[in-house]
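In case you want the letters, here they are:
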Amino acid sequence: TWMESECVPTLKESAVLNYQKKIKNHIRPYLGHYRLNSIQREKIQELLCGMHNNGYAKNTLLVVKEILTKSLNYAVEAGYLLTSPAAGVKIPKFENTAIPTRTAPRSCLSDAELATIMQRFLEGNPAFLPLLVGYHCGLRIGEAFALTWEDIDLKAKTITVRRQIQWRQNVRTAEEKQSRNGRKCVEAGAWYFTSPKYNSQRTIDIDTGLATVLMKEKAQQQEAASSL
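To start, this report covers the structure provided alongside it. (Residues numbered from 1 in each chain as written. Predicted model: local features only at pLDDT ≥ 70, side-chain atom pairs only at ≥ 80, totals over all residues. Heavy atoms only, no water.)

## Observations regarding the overall build of the protein chain
Inclusion rule: Under the scheme used here, helices are H or I runs from DSSP no shorter than 4 residues and strands are E runs no shorter than 2 residues, and both carry numbers assigned from the N terminus. Burial classification: accessible surface area is computed with a 1.4 Å probe over protein chains only, and a residue below 20% of its type maximum counts as buried, one above 50% as exposed, and the rest as partly exposed. Any pair of residues with heavy atoms lying within 4.5 Å of one another is described as a contacting pair. Only the protein chains shown count as covering a residue, and every accessible area follows the Shrake-Rupley method with a 1.4 Å probe.
For the protein chain, the count of helices and strands is 9 helices and 5 strands. Secondary structure elements of the protein chain occur, N-terminal to C-terminal, as α-α-α-α-α-α-α-β-β-β-α-β-β-α. Buried residues in the protein chain amount to 32% of all 228 residues. Considering only intrachain contacts with a sequence separation of at least 6, the fraction spanning at least 24 residues in the protein chain is 60%. Accessible surface, the protein chain as shown: approximately 15000 Å² in total, 53% of it carbon and sulfur.

## Quick word on the nonpolar core
For the record, the criterion: For the purposes of this section, nonpolar cores are sets of buried Ala, Val, Leu, Ile, Met, Phe, Trp, Tyr and Cys residues that join through side-chain atoms within 4.5 Å.
Counting 24 residues, the largest nonpolar core has Ile27 and Ile44 as the members making the most contacts within it. When residues of this core are assigned to their parent elements, the largest contribution, 8 residues, is made by helix H4 (residues 58-77). Apart from the residues within four sequence positions on either side, Ile44 is in contact with Leu31, Ile39, Leu68, Leu72, Pro85, Ala86 and Val89.

## With respect to the pattern of salt bridges
Which entries qualify depends on this criterion: The term salt bridge refers to a pairing of a side-chain nitrogen on Lys or Arg with a carboxyl oxygen on Asp or Glu at a separation within 4 Å.
Evaluated as defined, the whole model comprises 8 salt bridges. Of the charged contacts, one joins Glu143 and Arg202 as a salt bridge, the two residues approaching to 2.7 Å between their closest N and O atoms. Of this pair, Glu143 sits in helix H7 (residues 141-145) while Arg202 sits in strand S5 (residues 202-205), placing them 59 residues apart in sequence. Judged by relative accessible area, Glu143 falls into the buried class, the value being 0%. Judged by its relative accessible area of 25%, Arg202 falls in the partly exposed class. Between Asp151 and Arg163 there is a salt bridge; the shortest N-O distance is 2.7 Å. Of this pair, Asp151 sits in the loop between H7 and strand S1 (152-153) while Arg163 is found in the loop between strand S2 (158-161) and strand S3 (164-169), placing the two residues 12 residues apart along the sequence. For Asp151, a relative accessible area of 2% gives the class buried. Several salt bridges share partner residues, and in doing so they unite Arg140, Glu143 and Arg202 into one network.

## Quick word on unusual backbone geometry
Even without a glycine there, the phi angle at Lys157 is positive, about 55°. For Lys157, the location among the structural elements is in the loop between S1 and S2.

## Things to note about the sheet that holds S1
Definition in use: Strands are treated as partners if at least two bridges between them are detected by DSSP.
If you walk across this open sheet you meet the 3 strands as S1-S2-S5, and the pairing is antiparallel. The open sheet has two edge strands, S1 and S5, and neither has a second partner.

## Considerations on the packing of helix H2 (residues 13-31) against H4
Stated precisely, the cut-off is as follows: In this analysis, axes come from line fits to C-alpha atoms, helices being fitted only over the stretch in contact, and the angle between any two N-to-C directions falls in the range 0 to 180 degrees. Between 65 and 115 degrees an angle is taken as roughly perpendicular, under 35 as roughly parallel, over 145 as roughly antiparallel, and anywhere else as oblique. Under the scheme applied, nonpolar residues are Ala, Val, Leu, Ile, Met, Phe, Trp, Tyr, Cys and Pro; charged residues are Asp, Glu, Lys and Arg; polar residues are all the others, including Gly.
Between H2 and H4, the least distance of the axes is 10 Å, while the angle of their chain directions is 80°. Taken together, the axis directions place H2 and H4 in an arrangement best described as roughly perpendicular. In this structure, H2 uses Asn18, Tyr19, Lys22, Ile23, His26, Ile27 and Leu31 to contact H4, whose residues at the interface are Thr60, Val63, Val64, Glu66, Ile67, Leu68 and Lys70. Of the residues in the contact of H2 with H4, the class split is 8 nonpolar, 3 polar and 3 charged.

## With respect to the side chain of Ser71
Short version of the rule: Any N or O atom pair separated by 3.5 Å or less is treated as a polar contact, with the protein-specific requirement of one donor-capable and one acceptor-capable atom, and with residues adjacent in sequence counted only for side-chain atom pairs.
You can see Ser71 is positioned in helix H4. Of the polar contacts made by the side chain of Ser71, one reaches the backbone oxygen of Ile67; its length is 2.7 Å.

## Some thoughts on the layout of surface pockets
Note the threshold: Cavities and pockets were defined on a 1 Å grid built over protein atoms only: a cavity is a set of grid points that admits a 1.4 Å probe from which the probe cannot escape, a pocket is an open set flanked by protein on both sides within 12 Å along at least five of seven lines, and lining residues are those with an atom within 4 Å of any such point. Grid points are joined across faces, edges and corners, and a volume is the space filled by probe spheres set on the points.
If you add up the space inside the largest pocket, you get close to 790 Å³. Around the largest pocket sit 23 residues that line it, and Ser14, Ala15, Asn18, Lys197 and Tyr198 are the ones nearest its centre. No other element matches the 9 residues that H2 contributes to the lining of the largest pocket. Its residues assigned to classes, the lining of the largest pocket shows 8 nonpolar, 9 polar and 6 charged. Considered as a void within the structure, the second largest pocket measures approximately 630 Å³ in volume. For the second largest pocket, the lining is made up of 21 residues, of which Ile23, Ile27, Arg28, Leu36 and Ser71 are closest to its centre. Mapped onto the lining of the second largest pocket, the elements with two or more residues apiece are helix H1 (2-7), H2 and H4. Across the lining of the second largest pocket, the residue classes break down as 14 nonpolar, 4 polar and 3 charged.

## Brief notes about the packing of helix H3 (residues 41-53) against H4
Selection rule: Crossings are assigned a handedness: left-handed for a near helix turned anticlockwise from the far helix by less than a right angle, right-handed for a clockwise turn.
Taken N-terminus to C-terminus, the directions of H3 and H4 make an angle of 165°; their axes are 10 Å apart at the nearest point. For the element pair H3 / H4, the angle class is roughly antiparallel. Seen along the crossing, H3 lies across H4 with a hand that is right-handed. For the pair formed by H3 and H4, the contact residues are Ile44, Leu47, Leu48, Met51 and His52 on the first element and Thr60, Leu61, Val64, Lys65, Leu68 and Leu72 on the second. Of the residues that constitute the contact of H3 with H4, the class distribution is 8 nonpolar, 2 polar and 1 charged.

Here's what the structure looks like:
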């Protein structure tokens, strides 16, 4: 009820999907068999401490705590509870955990590694420009694929990030999936545009090499359009 009335109308779709994922993977398995008025603060604290001891990142715990705090506050406002059992729940300190925090390793590509990748996606490949722009400008993959020529100022040598492209799962009927991309499977979905993550709209300077490649691509597209 809280998700439908408070989250779906006000939050970005990606945030709603993130909430749903946390509820499915963490909250429902641990608390889902309790009646609402039998959930105690100690059980919520146990959930967070257990996730902490299993190496989940602090940000994951913060999101789970946020969901429980807001939804149980909603339950109080709606008259389902007298008080919220999430009041006073704390995130464990991230020190001396039994299992190291789960973190994805980060690495930077060298020029040689990029050259190897670009040999697989040569000029003319649909992934060529997004990969090149992403590497030179530090864009997220969804931001790179969402760029249009309106976002690129070749005279000033800048790129402005205004949006990103995301995948929406299971939003079309079987007939729509078949007519638009030939797929009937339930996993099919659709691409959509949304604002960048953390609303990080920004303008980025580009170097002469990347500007030259973009100029060439734009000229080719204009020539192809004029010949139609």
